[in-house]
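Notes for the structure review
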Amino acid sequence: MKHTFSVLVENKFGVLARVAGLFAARGFNIESLAVSPTNDPTVSHMTIVVDAPDERILEQIKKQLNKLVDTIKVQDLTTEDFIDRELVLVKIAVDAKIRPQILEIAQSLEAKIDEAAANAVTLEVVGDKNKIHTLLQLLKTFEIKEVVRTGRIAMSRK
Amino acid sequence: MKLSGAKILIESLKKEGVEVIFGYPGGSVLPIFDVLYDNPIKFILTRHEQGAAHAADGYARATGKAGVCLATSGPGATNLVTGIATAYMDSIPVVAITGQVKTHLIGNDAFQEADVTGVTRPITKHNFLVKDVRELAQTIKNAFHLAQSGRPGPVLIDLPVDVTMAETEFHHPKEPDLRGYRPTISGHPGQIKKAARLILQSKRPIIYAGGGVIISGASQELKKLADKASIPVTTTLLGLGCFPQTHKLSLGMLGMHGTAYANHAIMESDLIIAVGARFDDRVTGRLDAFAPEAKIIHIDIDPSAISKNVEVDIPIVGDARNILSQLNKIVKPVQTKKWLERIDGWKKKSPLSYKKDDKLRPQYVVEQIYELTKGEAIICTEVGQNQMWAAQFYQYTKERTYISSGGLGTMGYGFPAAIGAQVGKPDSIVFDIAGDGSFQMNIQELATAVANKLPVKVAILNNCYLGMVRQWQELFYKKRYSFTCLANPDFVKVAQAYGARGIRVEKKKDVTPALKQALSVKDAPVVLDFIVEKEENVFPMVPAGEAINRMIGGMA
Ligand SMILES: Cc1ncc(C[n+]2csc(CCOP(=O)(O)OP(=O)(O)O)c2C)c(N)n1
Ligand SMILES: [Mg+2]
């Protein structure tokens, strides 16, 4: 099952390497990782999405994250009410017939549209994981040239 | 008054109570060595940085204090790596200080540059690269706090040469500054109550004690628990000495080369009280067959050690001594008479044994060392058969008397560790029970021991083989002894060339006189070359991947 962790860490060099190294060394798979500064300049925030095959591994991930000296707080958001967002850029090959179909999808998902290229349209979609999932489902039958995602960011509602 | 980074380093070490540094010089630590030149802090020059790291580790295991090692950048630092990893696997407080190239050169592939914080990240509890001399004093405070508290471990401080040359005001901070680091010390009272209840309900309980008992100084509390509730005790390799093996409740060591009775007992138990041990694969054997009827209480300071390998019923996170003393207040006697009788049956049927004839067998050498030192010596070991015989045939009754690389299994560990132990415990008798292969991995430290007049005794159980590997080849690879037969130097001559004493023993009857002679030497290392039976095996043995009551060999 996929779990979304919100992790506060010291804003120091090397911290990202420690987190990445922990996952690599223990064979845990990171699905996405987003790092950013916070309102406190000494603290960074990481949103880590991982696929934990079972409870034991999930527990280990939490414990190992907590064990890092530079982590200040680890929350498994999956167990509570949280807001999540991701920004996705998708470039789709289009011709005259396909273009209106894409524009329609864009409209339904409130996507921003970039039509600078002659034979492609790039959509910019912001949303929670359901919306992003819907977007990618809707585009499945089209020729996608490129997808770039920011990775999920998330925050507890409390 | 302003001090240089190098001076701040040494002054801070003294404030942390450091009495000795093991190390080796080089370009990027020249400012530090210049301070050491006329400083009262003791410095031991090893002959290889690996020796320095193991010596710091041996010092820490023997004394309970943090051991400190120092090396130059690049190759000096990478030579520490095996020693750091060894300390990491066994949770030993070591502070490693490495020189680094100047800050503005970092990342340029400068001369003798290595990304040492990168290399050691997965084998240290934490590490630091100090880029500003003003952060140095606080970093050292943090490093010592991390190394020695919670689950201890090695901490590395990488010091660019310009930082050790720069000057600033020196203030020794009173407190560490680590907001993300808060080890749990006292156990949850509710969990402790539950544990006491479970103990009372058990019929076949067993205490499984590891190195954590020694680290937390919990031996007395452990003994109280065992005595009060009449529960037998088995220990891991690193737990040897945390419970007196002369005690009637002692089952000795368990696991791959443990006693048959310890392995049978844990497999049949209905309650395992694990204290400061981590259910390592050398202990559990085949996991899905391990102690099928047992409930498990697991006391450990590291939450990540709990339920990592086996499912635990009652986890109690915290310091073992603290938790055991709480538990002892409420625990009640358990009716284990029948259970202890059953265990006694196993003890009688399958004691540890070896063939008693007039051949010079390695087990006999270990037994004689025990007889002559009355169990009072500090026994360091190398890795392989020597390590297991040292564990099996010496009766450990005190903590910090069996010193061995358990988790990493580092050949070449024992001799430099013995040097560190002897420096930390000058009045103790210190042995390195060695293999002919392992000893040659850090044999150069004979020079260190000679120069410092350290009377460490190296008892080589010389079988002319990489014996433990040969044993596996004999048992599982049809005796195809692929590259395990050693052509050895004359160890007596080697010892003498270094200025140490050398004694060769080829007959059983000469073992005791030779040991007595070695024990009479007080100012130099002694190398005892015991030419033992070449193809002696360590038994009992649990083949890899088998349940631990499926032992082969010996009387098991
Ligand atoms: C640094 C290192 N390299 C290789 C090994 C693998 N190994 C484990 S035991 C052993 C043989 C040790 O031989 P020796 O020191 O003579 O001890 P014996 O088993 O003969 O007592 C080897 C090669 C190891 N543990 N450590
Ligand atoms: Mg050998």
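Residues numbered from 1 in each chain as written. Chains lettered and ligands numbered in written order. Predicted model: local features only at pLDDT ≥ 70, side-chain atom pairs only at ≥ 80, totals over all residues. Heavy atoms only, no water.

Quick notes on the overall build of chain B
Helix and strand counts for chain B stand at 22 helices and 20 strands. Its C-alpha atoms give chain B a radius of gyration of 24 Å, within 12% of the compact-globule value 24 Å for 556 residues. Overall, the C-alpha framework of chain B stretches about 70 × 60 × 40 Å when taken along its three principal axes. Long-range contacts, defined as pairs at least 24 residues apart, comprise 75% of the intrachain contacts of chain B with a sequence gap of at least 6. For chain B, the computed accessible surface area is about 21700 Å², with 51% contributed by carbon and sulfur atoms. Taking the average place of the 65 positive charges on the side chains of chain B and the average place of its 55 negative ones, the gap between the two points comes to 6 Å. (Helix = DSSP H or I, 4+ residues; strand = E, 2+ residues; numbered from the N terminus. Rg over C-alpha atoms; globule rule 2.2 N^0.38 Å. Contact = heavy atoms within 4.5 Å. Areas by Shrake-Rupley, 256 points an atom, 1.4 Å probe, with all protein chains shown as cover. Lys, Arg positive; Asp, Glu negative; His and termini not counted. Charge placed at Lys NZ, Arg CZ, Asp CG, Glu CD.)

Describing the overall build of chain A
In terms of regular secondary structure, chain A is built from four helices and nine strands. Across chain A, helices and strands are ordered from the amino to the carboxyl terminus as β-α-β-β-α-β-β-α-β-β-α-β-β. Along the longest, intermediate and shortest principal axes, the C-alpha atoms of chain A span 55 × 35 × 30 Å. Counting every position in chain A, which comprises 158 residues, the buried fraction comes to 41%. A sequence separation of at least 24 residues applies to 73% of the contacts in chain A between residues at least 6 apart. On chain A, roughly 8700 Å² of surface is accessible, and the fraction owed to carbon and sulfur atoms is 53%. (Buried < 20%, exposed > 50% of the residue type's maximum accessible area, 1.4 Å probe, protein only.)

Observations regarding the domain arrangement of chain B
All names here are of chain B. Domain annotation of chain B identifies domain 1 (2–169), domain 2 (189–349) and domain 3 (362–531). Distance between the C-alpha centres of domain 1 and domain 3: 29 Å. Taken together, the 24 residues of domain 1 in the interface contact 26 residues of domain 3. Together domain 1 and domain 3 conceal approximately 1900 Å² of surface at their shared face, both sides included; 65% is due to carbon and sulfur atoms. Sorting the residues of domain 1 by area buried against domain 3 places R47, R61 and A62 first, and these three jointly supply 30% of that buried surface. Counting every contact that joins domain 1 to domain 3 gives zero salt bridges. Counting every contact that joins domain 1 to domain 3 gives ten residue pairs in polar contact (both at pLDDT 80 or more). Here the element with the most residues in the side of domain 1 that touches domain 3 is helix α3 (residues 49–63); it accounts for eleven residues. (Domains from an automatic or database assignment. Buried area = accessible area lost by both parts, 1.4 Å probe. Salt bridge = Lys/Arg side-chain N within 4 Å of Asp/Glu carboxyl O. Polar contact = N/O pair within 3.5 Å; in protein donor to acceptor, adjacent residues only side chain to side chain.)

Let's talk about the coordination of the magnesium ion (ligand 2)
Residue and element names in this part refer to chain B. Taken together, D436 (OD), N463 (OD1) and Y465 (O) make up the full set of protein donors to the magnesium ion (ligand 2), lying 2.1 Å away. Mapped onto the sequence, the residues coordinating the magnesium ion (ligand 2) show the spacing D-x26-N-x1-Y. What makes N463 buried here is its relative accessible area of 4%. (Donors = N, O, S within 2.8 Å, 3.2 Å for Na, K, Ca; no water.)

Brief notes about the environment of V383(B)
Inspection of the secondary structure puts V383(B) in the loop between β15 (378–381) and α16 (385–392). Once residues lying within four places of it in the same chain are set aside, the contact partners of V383(B) are S405(B), G409(B), T410(B), M411(B) and S438(B).

Looking at the site of ligand 1
Residue and element names in this part refer to chain B. By nearness alone, 17 residues border ligand 1, and Q385, G409, S438, G467 and M468 come closest of all. Separating an oxygen atom of ligand 1 from a backbone N or O atom of G437 is a distance of 2.9 Å. Between ligand 1 and N463, the relevant distance is 3.0 Å, taken from an oxygen atom to a side-chain nitrogen or oxygen of the residue. Coverage of ligand 1 by the protein amounts to 76% of the 590 Å² it exposes when considered alone. Broken down by secondary-structure element, the contributors of at least two residues to the shell around ligand 1 are α16, α18 (436–439) and α20 (467–476). (Near = heavy atom within 4 Å.)

Structural notes on the confidence of the model for chain B
Confidence along chain B averages 97 in pLDDT terms, with 99% of residues attaining 70 or more. At the level of chain-chain contacts, confidence expressed as ipTM amounts to 0.91, with global pTM at 0.96. (pLDDT = per-residue confidence, 0-100.)

Remarks on the interface of chain A and chain B
Every contact between the two is made by 18 residues of chain A and, on the other side, 19 residues of chain B. Summed over both sides, the interface of chain A with chain B buries roughly 1600 Å², with 48% coming from carbon and sulfur. Our enumeration of links across chain A and chain B arrives at two salt bridges. Seen at the junction of chain A and chain B, the total is nine residue pairs in polar contact (both at pLDDT 80 or more). Of all the elements in the fold, those that place two or more residues in the side of chain A that touches chain B are α1 (15–26), α2 (55–67) and β4 (71–76) of chain A. Top element by residues in the side of chain A that touches chain B is α2(A). It accounts for five residues. In terms of residue class, the side of chain A that touches chain B is built from six nonpolar, five polar and seven charged. (Nonpolar A, V, L, I, M, F, W, Y, C, P; charged D, E, K, R; others polar.)

Focus on empty space enclosed by the protein
Residues and elements named next belong to chain B. Scanning the model with the defined rule gives two cavities of 30 Å³ or more in all. If you add up the space inside the second largest cavity, you get close to 30 Å³. Lining the second largest cavity are R278, F279, H298, A305, I306, S307, K308, N309 and V310. Residue composition of the lining of the second largest cavity, by class: four nonpolar, three polar and two charged. (1 Å grid on protein atoms, 1.4 Å probe; cavity = no way out; pocket = protein on both sides within 12 Å on 5 of 7 lines; lining within 4 Å. Points joined across faces, edges and corners; volume = space filled by probe spheres on them.)

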